[in-house]
Amino acid sequence: MPVITYREALRHAMDEELNRDPNVVIMGEEVGQFHGAYKVTEGLLAKYGPKRIVDTPISEAGFLGMGIGSAMLGLRPVMELMFFSFYSVAFDQIFNNAANIRYMSGGLINCPIVIRGPANGGTNVGATHSHTPESIAAYHPGIKVVVPSTPYDAKGLLKSAIRDNDPVMFMENTILYGEMGEVPTEEYLVPLGSAKVMREGKDISIIGHGRAIQMALKSADMLKEKHNINAEVVDLRSIRPLDEATILASVKKTNRVLLVEEAKPFCSVSAMLACIIQEKAFDYLDAPIRRVTSMDAPAIYSPPLEKEQLPTPQKIFDAALAVLK
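Residues numbered from 1 in each chain as written. Predicted model: local features only at pLDDT ≥ 70, side-chain atom pairs only at ≥ 80, totals over all residues. Heavy atoms only, no water.

## Some details on the overall build of the chain
Phase 1: Scanning the chain for helices and strands turns up twelve helices and 14 strands.
Phase 2: Its C-alpha atoms give the chain a radius of gyration of 19 Å, near enough to 20 Å, the size a compact globule of 325 residues would have.
Phase 3: Overall size of the chain, expressed as C-alpha extent along the three principal axes, is 60 × 40 × 40 Å.
Phase 4: Put simply, the chain has 325 residues, and 56% of those count as buried. (Helix = DSSP H or I, 4+ residues; strand = E, 2+ residues; numbered from the N terminus. Rg over C-alpha atoms; globule rule 2.2 N^0.38 Å. Buried < 20%, exposed > 50% of the residue type's maximum accessible area, 1.4 Å probe, protein only.)

Here it is in structure tokens:
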């Protein structure tokens, strides 16, 4: 099985879907001639031409509105944001219009649009370019939210997102773009709403999504090596729809839970998970649920300070030991 980067996996997904369905188009700032701000769309303009790989003005409100309108009329646009922080410029288009149109039209009008791009801190670009808005997006019924952690899932989930008839917020991580992983050459799909047990364990469940999963796996190795603790690591992959069955099965198996994410703690995905576990698996818990999140403050420019602001394998390791006391 070929080993490719997370970036290449995303590109392969779009290439395959562009080739499969003439209604798929790519739009965004610099996606064509510049090959994408992070070179994810490299080579697609030469292969598919400017009518399907469309460079847009620097106006998220404008080009996301255009994408939503084209989706309502039958296209399947994949919109690239240079930073997911800029989704807020088009808040009305995404959350007031795209999220609600199928419901308000009685199912007569679909809006099959994918909005993708990096949603992460840790790259020292400051507070206005470092948002992780999974919980904000997932709050709105009608929006689906996907956060892949591996090249395999990045490709399979993006292909599923492009084929989905609802708006999908597809949140990536710039730090993961160079991560390598095995990706099949034959076509495959990863269904939305399907979590994955990345590592089997019996002592504690570490549950998260995105780059936090890579850190959780390192922490699980540390727990095994230093304390012979077998941690189970569960990758949500999809925030909405959410695979509650896999989450609860893991909790009932290990009886202890640590939730990890790069987002802020207030009104976050981990806060919602804690509520679900408390309501549906309380009798299985042998210890209080703990969380490891980003510090509840705007992202810091300073590289050493931002490292302290975000989750780390050591922080996850320490929190897991605290749960197991």
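## Looking at the domain arrangement of the chain
The figure often quoted for interface size is the accessible area lost as the parts come together.
Phase 1: Split into domains, the chain comes out as domain 1 (3-182) and domain 2 (196-324).
Phase 2: Listed per partner, the contact involves 29 residues of domain 1 and 26 residues of domain 2.
Phase 3: Ranking the residues of domain 1 by area buried against domain 2 places N124, V147 and S149 at the top, with a combined share of 23%.
Phase 4: For D153, the salt bridge goes to R237, with nearest N and O atoms at 2.9 Å.
Phase 5: Counting across the interface, domain 1 meets domain 2 through twelve residue pairs in polar contact (both at pLDDT 80 or more).
Phase 6: Contributing elements (two or more residues each) for the side of domain 1 that touches domain 2: α6 (134-138), β6 (144-146) and α7 (151-163).
Phase 7: Tallied by class, the residues present in the side of domain 1 that touches domain 2 amount to 13 nonpolar, 13 polar and three charged. (Domains from an automatic or database assignment. Contact = heavy atoms within 4.5 Å. Buried area = accessible area lost by both parts, 1.4 Å probe. Salt bridge = Lys/Arg side-chain N within 4 Å of Asp/Glu carboxyl O. Polar contact = N/O pair within 3.5 Å; in protein donor to acceptor, adjacent residues only side chain to side chain. Nonpolar A, V, L, I, M, F, W, Y, C, P; charged D, E, K, R; others polar.)

## Looking at the pairing of strand β10 (residues 204-208)
Phase 1: In terms of residue burial, β10 counts as a mostly covered element, since five of its five residues are buried.
Phase 2: On β10, burial covers both faces: I204, I206 and G208 on one face and S205 and I207 on the other are all buried.
Phase 3: Across five bridges, the pairing between β10 and strand β11 (residues 231-235) is parallel. Bridging across to β11, I204 finds its partner in A231.
Phase 4: Chirality of the crossover, the property in question, places the unit of β10, helix α8 (residues 211-227) and β11 among those that are right-handed.
Phase 5: Across four bridges, the pairing between β10 and strand β13 (residues 257-260) is parallel. Its bridge partner being in β13, I207 is matched across the sheet by L259. (Pairing = 2+ DSSP bridges. Right-handed = clockwise from strand over helix to strand, strands pointing away.)

## Here's the deal with the packing of aromatic side chains
Phase 1: One pass over the structure, following the stated rule, counts eight aromatic pairs.
Phase 2: When the centroid spacing of 6.1 Å and the interplanar angle of 85° are considered together, the rings of Y87 and F95 count as edge-to-face. The same class applies to Y87 as to F95, namely buried.
Phase 3: Ring-pair connections join several aromatic residues into one group, and the members of that group are Y6, Y38, F83, F86 and Y177.
Phase 4: The ring of F317 carries the charged tip of K226 above its face, separated from the ring centre by 5.3 Å. (Phe/Tyr/Trp six-rings, centres within 6.5 Å; stacked < 30°, edge-to-face > 60°. Lys NZ or Arg CZ within 6 Å of the ring centre and 35° of its normal.)

## Let's talk about the sheet that holds strand β14 (residues 290-292)
Phase 1: The five strands lie next to each other as β9-β11-β10-β13-β14, forming an open sheet whose pairing is mixed. Strands at the two margins of the open sheet, each flanked by one partner only, are β9 (196-199) and β14. Averaged over all neighbouring strand pairs, the angle between strand axes comes to 25°, with direction disregarded.
Phase 2: Of the strands in this sheet, β9, β10, β11 and β13 are in contact with helix α9 (residues 244-254), which crosses β10 at around 155°. (Axes fitted to C-alpha atoms, helices over the stretch in contact; angles between N-to-C directions.)

## Brief notes about helix α10 (residues 269-281)
Phase 1: Here α10 contains 13 residues, and its C-alpha end-to-end distance of 17 Å stays within 8% of the 18 Å for a straight helix at 1.5 Å per residue.
Phase 2: All buried positions along α10 are accounted for by V269, S270, L273, A274, I276, I277 and A281. In an axial view of α10, the angular spread of the buried residues amounts to 165°, which keeps them on one side of the axis.
Phase 3: As for α10, its buried residues are in contact with α6, β10, β12 (238-240), α9, β13 and β14. (Expected span 1.5 Å × (residues − 1). Arc of directions from axis to C-beta.)

## Looking at the packing of α9 against α10
Phase 1: One can describe the packing of α9 onto α10 by two numbers: an axis separation of 11 Å at closest approach and a directional angle of 65°. Handedness of the crossing formed by α9 with α10: right-handed. Touching E244, I247, L248, V251 and K252 of α9 are L273, I276, I277, K280 and A281, all from α10.
Phase 2: For the contact of α9 with α10, the residue count by class is seven nonpolar, no polar and three charged. (Left-handed = near helix turned anticlockwise from the far one by under 90°.)

## Structural notes on the pattern of salt bridges
Phase 1: Inspection of every chain in the model, using the stated rule, returns 21 salt bridges.
Phase 2: Between E17 and R20 there is a salt bridge; the shortest N-O distance is 2.9 Å. Taken together, the residues span about one helical turn, with E17 and R20 both in helix α1 (residues 6-20) at a distance of three residues.
Phase 3: Here E17 falls in the buried class, since its relative accessible area comes to 0%.
Phase 4: As a salt-bridge pair, K202 and D203 come within 3.2 Å of each other at their nearest N and O atoms.
Phase 5: According to the relative accessible area criterion, D203 is buried, its value standing at 17%.

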